[in-house]
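Each chain, letter by letter, is given below.
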Amino acid sequence: MARSRMTTRWAFALAAIAVLLPVARAGEASAPPRWLADLPLLQVLIYGSVAGLALSVLILLLIWWKEWRRGDVW
Amino acid sequence: MVISPTLAVQPFLAPGIAWALVVIFSVLWIALGVSWGRRGSGDADDYMLAGRNIGLALSTATLMASWVTGNTTLLAPEFGYRNGLWGMFSYALAGLGLVLFAPLALRIKTLMPKGRTSGDFIRLRYGRAAWWVFMVITAIYTLGFLMTQAMGAGILLEALSGFDYRLGMVVVIGVSTIYTLYGGMRAVVGTDFIQSLLIMGLLVLVAVLALQQFPVPELHRALVEEHPERLNLLLPAGLLIAWNSALFSMGEVFHNNIWWSRVFSSRASVVFSSFVLGGLAWMTVPLVTGSIGLVALAQSVDLPQVNMLFPVVASQLLGAGGAALVFVVVFASLTSTLDSLLASTADLVAEDVVFKLLNPNLSDAQLRQATRLVVLGLGLLTLLLSWPRLDSLASVLFFTGALVASTIWPVAYGLYWPSANRWAAIAAMVSGSAVGLAAYVLIAPYCAALLSAAVSAVVMGVGTQLQPERFNWLTLKEG
């Protein structure tokens, strides 16, 4: 009984290798996956970061102005 | 407009204009620094921590200005140029260090209302042995950081304006040391506010002008045709580099007294917000400067040195005005980082070594005087160490990623877990540093911080589970 279980396991393992090995090799041979950023994404990234930086300057100045009026800068 | 792909060997700025800019800004920083330094109560706390009452605007700005180094304006474009979008993302993720430190900063402020330095925390929380390990790590990192900024100053001013390397270095270190010496933390924080506004405002101006000359659709088309790999978002190595960068920055922020001194200097009500705002605002800087790298790549600009990309593109797109803007941005970045390093390291040495270790009987006035002497000594030491020009020092600084990443978990656990074990903290810092350095040499530089932080976390966690301590949080109040 135990012997037949072992034989079955080996059979499954060999079958799995037979199926998976060619798949793995095909993956090796093909080019690595690529996902190029499209134009809208690049625009969001570049314009967004410039706008974010500009907004940071404005926010800092606004906070400073409010604190300065309250005498809370230091 | 197409940038002419010529080899730029001449300085970007006429020496006369460069000298005028240096004199104007040097006089401005020194005058403002000295004037702000006279405002306070005159005691040691005022000199070292600006009176512990800084508001949100100055606190956010000083974090921004200190974190924008010469590298942020010159190395980030190189990252964009060499590694495309992932290069920009990985540099920008360094801002996570500040954002993630925000809750810890609030906790520090609550636990240590009288604290002065990061060394105070380690000594009170884990004892003197852990303090020694921590101080060795912080000394190596800080000296490396000081030297790279000083050498960077000499090299950059030489490339931008034709100044002699040593002259440029002496000017930047000299100006930063003088106003820090006379004005202490008030001078540093006050000038940082103006410097951060200058850096951010001028970067926006350069970016807008550059993108008007070379719009994003044109940039995208050129990159798809010539360098599509720079737009590839599926790069496993990119992800690894990005998270290594984030962990390196966490290590830098979590351990270094630059950031701890900002926590102690700020009002409790603004600490959390300033770290979040400062980190988020900072993240936009490498993305903007990295975009300039993409523009250079799309235009096939021939570069004499790839780290000179930002000034080359700015001067070719915008003429002499662009070169002058870059010069001011770089000068402000260097002085704002150097002043912070000088002030916070002087606080650490004076408080932890001179006062707590060598002479606990120092009076308040003597402590203030000792801090001033350390500022002066550090300025001179930086000058001395940076006198021989070493162009490869930046790679040495990257070694420190392995060291500083090992301090993340001892600091974080120590702030939240009363059971965090002191010997586990020491073992975590030592083993994390050793494994990180081995990974740097044997695997790749971008694995160093990752492995160091991972090993340190496991050692800290396992050591604490095996032998938990019962720490009394009130012990930290005395710090």
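From a predicted model like this one, the values you see are computed outputs, not experimental measurements. (Residues numbered from 1 in each chain as written. Chains lettered and ligands numbered in written order. Predicted model: local features only at pLDDT ≥ 70, side-chain atom pairs only at ≥ 80, totals over all residues.)

**Overview of the overall build of chain A**
Filter applied, for reference: Under the scheme used here, helices are H or I runs from DSSP no shorter than 4 residues and strands are E runs no shorter than 2 residues, and both carry numbers assigned from the N terminus. In this scheme every C-beta is placed from the backbone, and a residue whose C-beta has 20 or more other C-beta atoms within 10 Å is buried, one with 12 or fewer is exposed, and one in between is partly exposed.
From N to C terminus, chain A includes two helices and zero strands. A burial count over chain A gives 15% of its 74 residues as buried.

**Re the overall build of chain B**
To keep things clear, this is the line we draw: The quantity called the radius of gyration is restricted to C-alpha atoms. Its globule counterpart is 2.2 Å times the number of residues to the power 0.38.
Within chain B one finds 19 helices and zero strands. For a compact globule of 479 residues, the expected C-alpha radius of gyration is about 23 Å, and chain B comes in at 22 Å, within 12% of that figure. Overall, the C-alpha framework of chain B stretches about 65 × 50 × 40 Å when taken along its three principal axes. Burial analysis of chain B (479 residues in total) assigns 62% to the buried set.

**Focus on the environment of L106 of chain B**
Residue and element names in this part refer to chain B. For clarity, the cut-off: A residue pair is marked as a contact if its C-beta atoms, positioned from the backbone, fall within 7 Å.
Note that L106 resides in helix α5 (residues 96-111). Separated by 165 residues in sequence, L106 and V271 place their C-alpha atoms 6.0 Å apart. The contacts of L106, once residues within four sequence positions are left out, are V271 and F272.

**With respect to helix α14 (residues 364-386) of chain B**
Residue and element names in this part refer to chain B. Here is the rule: The span you would expect from a helix comes to 1.5 Å times its residue count less one.
Counted at 1.5 Å a residue, the expected span for α14 with its 23 residues is 33 Å, and the 33 Å between its end C-alpha atoms agrees. Taken together, the buried positions of α14 are L367, R368, A370, T371, V374, V375, L378, G379, T382 and S386. Considering only its buried residues, α14 is in contact with α2 (44-49), α7 (128-161), α8 (165-213) and α13 (309-358).

**A closer look at the interface of chain A and chain B**
By a widely used convention, the size of an interface equals the accessible area lost when the partners come together. Threshold: Each residue is assigned to one class: nonpolar for Ala, Val, Leu, Ile, Met, Phe, Trp, Tyr, Cys and Pro, charged for Asp, Glu, Lys and Arg, and polar for all the others, Gly among them.
Facing 25 residues of chain A, the contacting portion of chain B comprises 32 residues. Looking at the side of chain A that touches chain B residue by residue, the classes come out as 18 nonpolar, four polar and three charged.

**Looking at the environment of S118 of chain B**
Within the element layout of this structure, S118 of chain B appears in helix α6 (residues 118-126). On a C-alpha basis, the gap between S118 of chain B and V301 of chain B in space is 45 Å, while along the polypeptide they are 183 residues apart.

**Section: the domain arrangement of chain B**
Residues and elements named next belong to chain B. Formally: Each domain span listed reflects an automatic or database assignment of domains.
Here chain B is described as being made up of domain 1 (15-398) and domain 2 (406-471). On a C-alpha basis, the centroid separation for the pair domain 1 and domain 2 is 26 Å. Facing the 22 residues of domain 1 at the interface are 19 residues of domain 2. Where the side of domain 1 that touches domain 2 is concerned, the elements lending two or more residues are α5, α6, α7 and α10 (236-255). Top contributing element to the side of domain 1 that touches domain 2 by residue count: α10, with 10 residues. Each residue belonging to the side of domain 1 that touches domain 2 can be placed in one class, and the counts come to 16 nonpolar, four polar and two charged.

**Quick look at the nonpolar core**
As a rule of thumb, soluble globular proteins bury nonpolar side chains together. Stated formally: To form a nonpolar core, buried Ala, Val, Leu, Ile, Met, Phe, Trp, Tyr and Cys residues must be joined through C-beta atoms within 7 Å.
Grouped together as the largest cluster of nonpolar side chains are 192 residues, with contacts concentrated most on L160, L203 and V313 of chain B. Examining the composition of this core, we find that 25 residues originate from one element, α13 of chain B, more than from any other. Each of domain 1 (15-398) and domain 2 (406-471) of chain B contributes no fewer than three residues to this core. If we ignore the near neighbours within four places in the chain, the residues touching L203 of chain B are L53 of chain A together with V285, V288, T289 and V329 of chain B.

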